[in-house]
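Architecture at a glance
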Amino acid sequence: MHRTPLCDLLGIDVPIVLAGMAGGMTTPQLVAAVSEAGGLGTFGAAGMSVEGLQAAVKQAKSLTNKPIGVNVLLADPTPPRGDAEPVERAVEVLRDRLGVGRSEGSAASPSGPELVKAGLAAGADVVATGLGDPAPVVEMARRHGAPMVAMVATVADAEQAIASGADALVAQGGEAGGHRSNFTVQDDGTVPIVGTMALVPQVVDAVDAPVIAAGGIMDGRGLVAALALGAQGVQVGTRFLTTSESGIPDSYKRRVTEARDTDTVITTSVSGRPARGIRNTLIETMDAVEPSNLGYPRQQAATGPVRSEGMKRGDDELVALWAGQAAGLARSGSAAAVVAQIVAEADRIVRRLGAGD
Ligand SMILES: Cc1cc2nc3c(=O)[nH]c(=O)nc-3n(C[C@H](O)[C@H](O)[C@H](O)COP(=O)(O)O)c2cc1C
């Protein structure tokens, strides 16, 4: 019932895209389950090694014959602000709490284009980008015949992404969990925020390409609303965090399902770029030293040892609990059930609206 031209472009049956989520959320099981259910499963490849990504893509491909995507982040670095010392002291307090040492400076992560090359070589079918102009990976995607989906958060960035060769756009509204996908960060480290309801129709009007709505979409109501705004599909992150296949600890899943509408904040202090997550000790401690900030990605590297140890231990106070404003609508269950429920509920709503009840 909700098949759109986007489905033909991506080779999928229902217009639901699993957001590529960096940080271990998008396991091969989750990616394959969403694709197998008719949507598009996508790996959040940022921070993975080339070998790790290739093994994950191959594993997902062994679980489904349907298309899968690889998402990378193409953010420009941002300049430091204020003194480095308060940031380093705050991180040290958190490291002491976990008993972890200073980072030895782990090997630099591969770049976005390196990860796209690796993902395509391993069999990925769709390329997706966030946080920056997709230009560096457009040619590579084209050579492989892979559709190129760029995430944007403003109309100006949407126009730029299309000029650079994107085949489709994700319009990410301010409700979304994780990093803001604005291409440019202002001098004070912030970005303009436009809500999903306002952004989607303006992007739809500005470009001649399929638009996928993202930010706060959790169920069939969200899918119908997105289609009504002119989008051809939805990209969903937070709703999939709490599924059985997602790679986060139970404590993180619990914080998502228990979140109230006001529990998330946008903070620049965890990574150096603005991102939305559930307020906890990590965010409060790092926010307390703003506006001192090492800039992106240095701030991200500085908090990295705390975040990864917190994730390993399931300590929900010392991880980045990235999640969107509608987090409290998330429930446990399988990823296939989420896709099926979104579609079934959307069908019911459209029938009801059509009947004029
Ligand atoms: C935990 C988490 C990690 C994310 N990581 C990425 C990422 O690596 N790349 C990306 O393009 N977007 C990432 N996002 C943002 C999503 O692409 C998407 O915009 C967002 O999840 C949509 O809003 P929702 O969370 O309300 O569904 C992430 C979101 C979350 C919640």
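The preceding data block contains the structure.
An account of the accompanying structure is given in this report. (Residues numbered from 1 in each chain as written. Predicted model: local features only at pLDDT ≥ 70, side-chain atom pairs only at ≥ 80, totals over all residues. Heavy atoms only, no water.)

**Comments concerning the overall build of the protein**
- In terms of regular secondary structure, the protein is built from 14 helices and eleven strands.
- Seen along its three principal axes, the alpha-carbon backbone of the protein occupies a region of about 60 × 45 × 40 Å.
- Counting only contacts in the protein whose residues sit at least 6 apart along the sequence, the fraction spanning at least 24 positions is 68%.
- In the form shown here, the protein has an accessible surface area of approximately 14400 Å², with 51% of it arising from carbon and sulfur atoms.
- Considering the protein, the positive charge centre built from 30 side chains and the negative charge centre built from 39 side chains are found 4 Å apart. (Helix = DSSP H or I, 4+ residues; strand = E, 2+ residues; numbered from the N terminus. Contact = heavy atoms within 4.5 Å. Areas by Shrake-Rupley, 256 points an atom, 1.4 Å probe, with all protein chains shown as cover. Lys, Arg positive; Asp, Glu negative; His and termini not counted. Charge placed at Lys NZ, Arg CZ, Asp CG, Glu CD.)

**Quick word on the environment of Gly-39**
- Its location among the elements puts Gly-39 in the loop between helix H2 (28-36) and strand S2 (41-44).
- For Gly-39 and Pro-297, which are 258 residues apart along the polypeptide, the C-alpha to C-alpha distance reads 32 Å.
- The residues contacting Gly-39, other than those within four sequence positions of it, are Ile-12, Val-14, Ile-16 and Val-34.

**Thoughts on helix H8 (residues 196-206)**
- Those residues of H8 lying buried are Thr-196, Leu-199, Val-200 and Val-203. Looking straight down H8, one finds its buried side chains confined to an arc of 100°; they lie on one side. Of the exposed residues in H8, the ones pointing more than 90 degrees away from its buried face are Met-197 and Asp-205.
- If you follow the buried residues of H8, they end up packed against strand S5 (148-152), helix H7 (155-163), strand S6 (168-172) and strand S8 (211-214). (Buried < 20%, exposed > 50% of the residue type's maximum accessible area, 1.4 Å probe, protein only. Arc of directions from axis to C-beta.)

**A closer look at the side chain of Asn-71**
- You can see Asn-71 is positioned in strand S3 (residues 68-73).
- Given the relative accessible area of 8%, Asn-71 is considered buried.
- Beyond its immediate chain neighbours, meaning those up to four positions away, Asn-71 contacts Gly-20, Thr-42, Phe-43, Gly-44, Ala-45, Ala-46, Ala-128, Thr-129 and Gly-130.

**Details of the environment of Pro-79**
- Within the secondary structure layout, Pro-79 lies in the loop between S3 and helix H4 (84-98).
- Distance from Pro-79 to Ala-128, taken between C-alpha atoms, is 26 Å for residues 49 residues apart in sequence.

**Focus: the packing of helix H5 (residues 112-121) against helix H6 (residues 135-143)**
- Between H5 and H6, the least distance of the axes is 9 Å, while the angle of their chain directions is 15°. With respect to H6, the element H5 is oriented roughly parallel. Remark: the crossing between H5 and H6 carries right-handed chirality. Where H5 abuts H6, its residues Pro-113, Val-116, Lys-117 and Leu-120 lie against Pro-136, Val-137, Met-140 and Ala-141.
- Looking at side-chain class alone, the contact of H5 with H6 contains seven nonpolar, no polar and one charged residues. (Axes fitted to C-alpha atoms, helices over the stretch in contact; angles between N-to-C directions. Parallel < 35°, antiparallel > 145°, perpendicular 65-115°, else oblique. Left-handed = near helix turned anticlockwise from the far one by under 90°. Nonpolar A, V, L, I, M, F, W, Y, C, P; charged D, E, K, R; others polar.)

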